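The lines below spell out each chain.
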Amino acid sequence: MKQQLRPIMFVGTCSDAGKSVINAAFCRIFKQDGYHPAPFKAQNMSLNSYSTLEGGEMGRAQVVQAEACGIAPHTDMNPVLLKPTNDKSSQVVLNGRPVGNMSARDYFGIHNLKEKLFKEVIQSFTRLEKQYSPVVMEGAGSISELNLKDRDITNMRMAIQADAATYLIADIDRGGVFGSVYGTIALLSPEEKAQMKGIIINKFRGDASLFEEGRKILHDLTGIPVVGIVPYFRDIRIEEEDSVALEMKQNSWQDGKINVAIILLRRMSNFTDFDVLEMDPRFNPYYTNNVEEIEKADIILLPGSKNTIADLQSLRANGIAEAIVRASKAGKKVIGICGGYQMMGIRLEDPDGIEGNIPAIPGLGLLPLCTVIEQEKVTRQNEFYFLPDETGAVCKGYEIHMGHSVRMNKAQEAPVVRLTDGQEEGYYLNDHCWGTYMHGILDNPVVLDHLAEGFETSPDQAGFNYEEFKEMQYNKLADWVRAHMDMDYIYSTLKKDSLSKKDL
């Protein structure tokens with residue numbers, strides 16, 4: 001039996017330094033080395049979420065990390081999730097369940113609330129630590145935000161509470177790595193600095209041997225060793241949670257591919273629904289809010305939204321709604337998922353003002369549906385048959401929505417999926433126009449093949465298996481990071497010995 005290891009934590013000098021990806025790499029490394037790891041992030045802010053087997057909601061970054069560990073995601077891995085509803089407030093999800101909407105001022109300003117949340121976070125962590133070794137923890141943003149430190153439940157306060165061997169990740173591709181690393185370490189308290197075991201330089205371009213002097217300088221400045229220099233990579237595909245990643249995905253039309261325009265919504269949620277299209281060689285997906293690029297596409301996808309009515313208003317204001325309707329009438333494939341599915345109906349209603357002060361708004365009119373936004377949030381995993389073919393493969397997906405859609409104008413039943421328990425969901429107008437609440441539906445090979453029907457593709461490209469592809473990517477990532485890391489040193493800091501505060 002493997003020795004129990006102390007928790008390890010990856011924190012950053014800034015947002016998007018690569019904490020989530022490095023964390024996923026170590027989750028797979030520990031699994032490869034015979035340990036039983038689990039990920040943990042006390043508080044996450046994201047519109048990309050996931051429904052667990054128990055029906056709880058959590059951030060997708062920890063879902064990816066759980067996959068890298070080879071275990072089922074659980075809300076203990078992300079006990080607090082903030083889902084922005086507009087520029088000033090977020091829905092607070094605690095232990096997988098929404099507990100209300102709060103402004104940033106209230107959330108960060110109410111001391112009793114933060115202490116209550118921290119107690120919940122500690123309980124989640126404790127449950128994980130009893131089952132897994134090591135717990136692979138992730139911080140949020142920068143650990144040097146002095147104005148937020150007294151309300152911290154995610155970064156160094158959590159590292160101290162867990163007695164985690166903590167590693168600082170710096171993104172050298174941004175520039176200013178010496179200032180960001182030195183400044184970050186200098187602003188730590190002595191107790192916080194005592195948790196720091198190493199520095200990881202991420203996204204290095206060029207010959208890493210040229211940074212040997214830089215490695216020594218950082219060690220001399222901070223007293224903390226540089227334990228890894230991870231080169232920038234482009235050929236390893238790991239799902240990214242941060243919306244910053246979308247800036248890299250706004251490509252354009254490409255000859256010889258099935259071009260898929262994903263409508264770029266202001267409050268888009270779960271854009272990870274479309275990651276599979278980037279991996280399947282048949283498709284060229286790109287995110288856009290440009291009318292011309294939308295009209296050139298072969299397929300138009302409407303994604304989910306945390307504020308469906310406000311995003312639909314924006315689509316009308318900038319001419320995109322009209323472009324989508326024109327494309328549908330011209331025979332282009334138009335498909336909506338979750339909020340996008342709601343938009344495709346005849347009308348959306350919000351009688352309780354959940355999304356704002358607009359009680360009702362016309363939809364795009366592509367599907368004979370009316371959607372009512374409701375207080376209760378549906379979060380569940382599903383197994384289902386697509387279209388619905390009960391002789392075919394059983395597919396998987398999940399729902400996260402606050403609305404109920406019903407047929408109008410005496411429309412006939414036309415489900416997109418039939419769940420294995422017999423329930424039906426979604427509306428299938430025809431091969432070119434349908435919608436569903438089912439997140440992750442495109443991850444299923446049978447659905448991808450259906451999406452590609454009618455376009456000229458190579459026969460050997462059909463049946464792309466996203467699950468197998470992801471497994472290959474996790475292994476490639478682990479091998480890449482391991483090769484550029486001082487693993488012996490890292491393992492030495494994870495031994496539960498007499499120096500561990502928990503054992504004193």
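Here is a short report on the structure shown in this document. (Residues numbered from 1 in each chain as written. Predicted model: local features only at pLDDT ≥ 70, side-chain atom pairs only at ≥ 80, totals over all residues. Heavy atoms only, no water.)

A few words now on the packing of helix H6 (residues 177-186) against helix H8 (residues 212-222). Two numbers describe how H6 lies on H8: the axes approach to 10 Å, and their chain directions differ by 20°. Here H6 lies roughly parallel to H8, going by the angle between them. The crossing of H6 and H8 is right-handed. Contacts from Phe-178, Val-181, Tyr-182 and Ile-185 in H6 reach Gly-214, Ile-217, Leu-218, Leu-221 and Thr-222 in H8. Taken together, the residues that form the contact of H6 with H8 break down as seven nonpolar, two polar and no charged. (Axes fitted to C-alpha atoms, helices over the stretch in contact; angles between N-to-C directions. Helix = DSSP H or I, 4+ residues; strand = E, 2+ residues; numbered from the N terminus. Parallel < 35°, antiparallel > 145°, perpendicular 65-115°, else oblique. Left-handed = near helix turned anticlockwise from the far one by under 90°. Contact = heavy atoms within 4.5 Å. Nonpolar A, V, L, I, M, F, W, Y, C, P; charged D, E, K, R; others polar.)

Moving on, we come to helix H12 (residues 320-329). With seven of ten residues buried, H12 is to be regarded as a mostly interior element. Of all the positions in H12, only Ile-320, Ala-321, Ala-323, Ile-324, Val-325, Ala-327 and Ser-328 are classed as buried. Packed against the buried residues of H12 are strand S13 (258-263), helix H10 (291-296), strand S16 (299-302), helix H11 (308-317), strand S18 (333-337) and strand S26 (433-436). One or two positions beyond H12, positive phi appears at Gly-331, with a value near 95°. (Buried < 20%, exposed > 50% of the residue type's maximum accessible area, 1.4 Å probe, protein only.)

This part is about the sheet that holds S26. Overall, mixed pairing links the six strands, which are arranged S15-S13-S16-S18-S26-S25 in an open sheet. At either margin of the open sheet sits one strand with a lone partner, and together these are strand S15 (283-288) and strand S25 (427-430). Pairs of neighbouring strands in the sheet enclose a mean axial angle of 15°, with direction left out of account. With three bridges joining them, S13 and S16 adopt parallel strand pairing. Bridging from a neighbouring strand, Ile-262 pairs with Leu-301 of S16. Across the sheet, H12 is in contact with S13, S16, S18 and S26; its angle to S16 comes to roughly 135°. (Pairing = 2+ DSSP bridges.)

This part covers the pattern of salt bridges. Evaluated as defined, the whole model comprises 28 salt bridges. In this structure, Lys-377 engages Glu-57 in a salt bridge whose closest nitrogen and oxygen atoms are separated by 2.8 Å. Of this pair, Lys-377 sits in strand S21 (residues 369-386) while Glu-57 sits in strand S5 (residues 57-59); the two residues are 320 residues apart in sequence, bridging distant segments of the chain. We note that Lys-377, like Glu-57, is buried. Here Arg-326 makes a salt bridge to Glu-295, at a shortest N to O gap of 2.2 Å. Of this pair, Arg-326 sits in helix H12 while Glu-295 sits in helix H10; the two residues are 31 residues apart in sequence, bridging distant segments of the chain. Under the relative-accessibility criterion, Arg-326 is labelled partly exposed at 37%. By relative accessible area, Glu-295 is classed as partly exposed at 32%. Members of the salt-bridge network, linked through shared partners, are Glu-57, Lys-83 and Lys-377. (Salt bridge = Lys/Arg side-chain N within 4 Å of Asp/Glu carboxyl O.)

When S25 meets S26, the two strands line up antiparallel, connected through three bridges. By the bridge assignment for S26, Tyr-427 is matched with Gly-435. Where S25 hands over to S26, the hairpin turn is made up of two residues, counted between the paired strands.

Of the two faces of strand S9 (residues 135-138), the one carrying Val-135 and Met-137 and the one carrying Val-136 and Glu-138 are both buried. Summarising the sheet, strand S1 (residues 8-12) and S9 pair through three bridges and their orientation is parallel. Looking at the pairing, Ile-8 lines up with Val-136 of S9. Pairing geometry for strand S2 (residues 38-40) and S9, over three bridges, is parallel. When the sheet's bridge partners are listed, Ala-38 is paired in S9 with Val-135.

Right, let's get into a nonpolar patch on the surface. Among the surface-exposed residues, Phe-178, Tyr-182, Ile-217 and Leu-221 lie close enough to one another that they form a single nonpolar patch of about 340 Å² accessible area. When residues of the nonpolar patch are traced back to their parent elements, those giving at least two are H6 and H8. Tracing the sequence through the fold places Phe-178 in helix H6. (Patch = residues over 30% accessible without salt bridge, like charges linked within 9 Å, V, L, I, M, F, W, Y side chains within 5 Å. Areas by Shrake-Rupley, 256 points an atom, 1.4 Å probe, with all protein chains shown as cover.)

With respect to the helices and strands, the residue Asp-150 is situated in the loop between S9 and helix H5 (156-162). Residue classification places Asp-150 among the exposed residues on the basis of a relative accessible area of 57%. Separated by 36 residues in sequence, Asp-150 and Lys-114 have C-alpha atoms that sit 9.7 Å apart. Side-chain polar atoms of Asp-150 contact the side chain of Arg-151, separated by 3.1 Å. (Polar contact = N/O pair within 3.5 Å; in protein donor to acceptor, adjacent residues only side chain to side chain.)

Strand order across the open sheet formed by six strands is S2-S9-S1-S10-S11-S12, with parallel pairing between neighbours. On the outer flanks of this sheet lie S2 and strand S12 (226-231), each paired with one strand and no other. Direction aside, the axes of adjacent strands within the sheet are offset by 20° on average. Of the strands in this sheet, S1, S2, S9, strand S10 (165-171), strand S11 (196-204) and S12 touch helix H1 (residues 19-32), which is tilted by about 175° from S9.

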